[in-house]
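# Inside the fold
What follows is each chain in one-letter form.
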Amino acid sequence: MSPRPDGERPPIGEVHGFSELTQRMIVGAYERCTRLHRVLALTMGLLAVSCAAASVSRFSLLPVLPLPLLGLAAFALSRMRHNLDRRRRLLRWAIMFTGALFVAFWTMAVLGRYYHAD
């Protein structure tokens with residue numbers, strides 16, 4: 001970022017854009033909460049078990065559809081843990097983790113609506 005018109009450099013704490021704000025939020029949350037990785041991994045494991053249990057109870061393979069997305073989210077979560085020192089990579093893996101998890105939730109909602117209509 002270029003210096004201000006009066007020639008002074010901006011203070012260190014100032015945010016210079018949306019991407020830097022997003023980076024600070026994700027890195028700050030991930031560094032402050034040491035148990036966040038375990039909680040997220042446990043939550044994804046419980047979601048995977050519930051998908052498997054739903055496929056057994058419904059006698060159908062449709063509830064297993066979110067499992068690859070949960071696997072992608074788990075892979076992104078493991079990459080987040082290994083890229084704590086590289087902020088841009090951490091941001092990319094966090095976006096992939098969030099996107100895969102949201103699509104998995106959406107898939108579960110669509111499947112729930114499909115089964116509820118029967």
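Higher on the page you've got the structure.
As a starting point, this report considers the structure included with it.

Calculation criteria
Residues numbered from 1 in each chain as written. Predicted model: local features only at pLDDT ≥ 70, side-chain atom pairs only at ≥ 80, totals over all residues. Heavy atoms only, no water. Patch = residues over 30% accessible without salt bridge, like charges linked within 9 Å, V, L, I, M, F, W, Y side chains within 5 Å. Areas by Shrake-Rupley, 256 points an atom, 1.4 Å probe, with all protein chains shown as cover. Salt bridge = Lys/Arg side-chain N within 4 Å of Asp/Glu carboxyl O. Lys, Arg positive; Asp, Glu negative; His and termini not counted. Charge placed at Lys NZ, Arg CZ, Asp CG, Glu CD. Helix = DSSP H or I, 4+ residues; strand = E, 2+ residues; numbered from the N terminus. Buried < 20%, exposed > 50% of the residue type's maximum accessible area, 1.4 Å probe, protein only. Expected span 1.5 Å × (residues − 1). Axes fitted to C-alpha atoms, helices over the stretch in contact; angles between N-to-C directions. Parallel < 35°, antiparallel > 145°, perpendicular 65-115°, else oblique. Left-handed = near helix turned anticlockwise from the far one by under 90°. Contact = heavy atoms within 4.5 Å. Nonpolar A, V, L, I, M, F, W, Y, C, P; charged D, E, K, R; others polar.

The next subject is a positive patch on the surface. Taken together, the side chains of R86, R88, R89 and R92 define a basic patch exposed on the protein surface. Position of R86 relative to the elements: it lies in the loop between α3 (67-82) and α4 (87-117). A relative accessible area of 41% means that R86 is categorised as partly exposed.

It is worth spelling out helix α2 (residues 36-58) at this point. Across its 23 residues, α2 extends 33 Å between first and last C-alpha, which sits within 8% of the 33 Å expected from 1.5 Å per residue. Every buried residue of α2 is listed here: H37, M44, L47, C51 and S55. Where α2 ends, the next residue or the one after it, F59, has phi of about 55°, a positive value.

This next bit is on the packing of α2 against α3. Where α2 contacts α3, the axes come no closer than 10 Å and their chain directions differ by 165°. Compared by their axis directions, α2 and α3 come out roughly antiparallel. Regarding α2 and α3, the two cross each other, and that crossing is left-handed. Residue-level inspection shows H37, L40, A41, M44, L47, A48 and C51 of α2 in contact with α3, the latter providing L67, L70, A73, A74, L77, S78 and R81. Of the residues belonging to the contact of α2 with α3, the class tally is eleven nonpolar, two polar and one charged.

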